[in-house]
Amino acid sequence: MDLQERLKYISSYTSKLLRNKFGRGPESCFAVTADHFLVLQIRGFISPMEEVLLQENQRIQVDHARDVVIKSIVAELKGVFQVTLETEVKTFFHDWNFPNNTGVIIAELENTLMPMKKSEEINFPLLEYEVARISELVEKTPEETSSFQISPKVFIVKREGILVPIEKALIEEGFKRELHIAKDDLEKKYLHRYGKFDQVFQRAVTDIFVDWNFKNDNSLICFIL
């Protein structure tokens, strides 16, 4: 199979896996890759149980339950990715936008599958600066910020060294879940409210997804145009 056929296979496999685990598959699941990232864009994926909980304003419970199931899914996907793409998977990130009924699963790969092409119309240093500026408002300036264009509509910014001492202490004391919930709410609020990303991309940003790897002290922000 060529790369596009392998990506279609991964998209189809992921849809079936989500359907088996949740009882309802997504309306669409589309895989794109560049550099050492593979992004699965998922649309129309809220189970009946989750829908009821969201109507009762129980988003935190939905977040927790979905996180538990998704962890089992990415554990299976890791093997499928490695066999299909012939490269190791370093780690997974995932996040969901329930109001938009969208989400992403992102695999950080050991090897590059497709060279990255950055649009000349976008100021990538400005994108990294804007992400670092928002990061400083809610925690601290990242020690390192790098940007990647995965497709014409999908962009990733990776931050390294973002945890402050109090956050590290909370993680050591077993408050990882609570910290994740607090950071998710706060960072997304600031990214949407104070970020000037429509100006950076010169196009409307429809989704911003954020996830963290507390063990490695890094984070991915995924912008969907």
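Computed from a predicted model, the values in this text were never measured in an experiment.

1. With respect to the overall build of the protein
Reasoning step 1: What the protein contains, in helices and strands, is seven helices and eight strands.
Reasoning step 2: Against the globule reference of 17 Å for 225 residues, the protein gives a C-alpha radius of gyration of 17 Å, in line with a compact fold.
Reasoning step 3: Each of the three principal axes of the protein carries a C-alpha extent, and together these read 45 × 40 × 35 Å.
Reasoning step 4: Within the protein, the proportion of its 225 residues that are buried is 51%.

2. Some words on the sheet that holds strand β2 (residues 37-43)
Reasoning step 1: Taken together, the four strands give an open sheet; going across it, the order is β1-β2-β4-β3, and neighbouring strands pair in antiparallel fashion. Looking at strand neighbours, the two that pair on one side only are β1 (28-34) and β3 (89-97), the edges of this open sheet. Here the strands of the sheet are splayed against their neighbours by 15 degrees on average, with no regard to which way each runs.
Reasoning step 2: Looking at chain direction, β1 and β2 are connected through seven bridges and run antiparallel. Bridging from a neighbouring strand, Val 32 pairs with Val 39 of β2.

3. Section: the packing of helix α3 (residues 59-85) against helix α6 (residues 176-194)
Reasoning step 1: Contact geometry of α3 with α6 gives a least axis separation of 12 Å together with a crossing angle of 120 degrees. Comparing their axes, α6 and α3 come out oblique. Relative to α6, the crossing made by α3 is right-handed. Here α3 contributes Arg 59, Ile 60 and His 64 to the contact with α6, which in turn contributes Arg 177, Ile 181, Asp 184 and Asp 185.

4. Regarding the pairing of strand β7 (residues 207-213)
Reasoning step 1: Most of β7 sits out of view: seven of its seven residues are buried.
Reasoning step 2: Of the two faces of β7, the one holding Asp 207, Phe 209, Asp 211 and Asn 213 and the one holding Ile 208, Val 210 and Trp 212 are both buried throughout.
Reasoning step 3: Between β7 and strand β8 (residues 218-224), which pair antiparallel in sequence order, lie four residues; one of them, Asp 217, sits at a positive phi of approximately 55 degrees.

5. Considering the pairing of β1
Reasoning step 1: With five of its seven residues buried, β1 lies for the most part within the structure.
Reasoning step 2: Count of turn residues in the β1/β2 antiparallel hairpin: two residues, of which Asp 35 carries a positive phi of about 55 degrees.

6. Considering the UniProt feature "domain: Na+-translocating membrane potential-generating system MpsC" (unreviewed entry) in the protein
Reasoning step 1: What UniProt calls "domain: Na+-translocating membrane potential-generating system MpsC" (unreviewed entry) maps, in this numbering, to residues 9-110 and 136-225.
Reasoning step 2: Here residues 9-110 is 48% helix and 30% strand, with 20 Å between the C-alpha atoms at its ends.
Reasoning step 3: When the span residues 136-225 is considered, its composition is 39% helix and 32% strand, and the gap between its end C-alpha atoms is 24 Å.

Parameters and conventions
- Residues numbered from 1 in each chain as written.
- Predicted model: local features only at pLDDT ≥ 70, side-chain atom pairs only at ≥ 80, totals over all residues.
- Heavy atoms only, no water.
- Helix = DSSP H or I, 4+ residues; strand = E, 2+ residues; numbered from the N terminus.
- Rg over C-alpha atoms; globule rule 2.2 N^0.38 Å.
- Buried < 20%, exposed > 50% of the residue type's maximum accessible area, 1.4 Å probe, protein only.
- Pairing = 2+ DSSP bridges.
- Axes fitted to C-alpha atoms, helices over the stretch in contact; angles between N-to-C directions.
- Parallel < 35°, antiparallel > 145°, perpendicular 65-115°, else oblique.
- Left-handed = near helix turned anticlockwise from the far one by under 90°.
- Contact = heavy atoms within 4.5 Å.
- UniProt positions renumbered as here; feature names shortened; annotations may be inferred.

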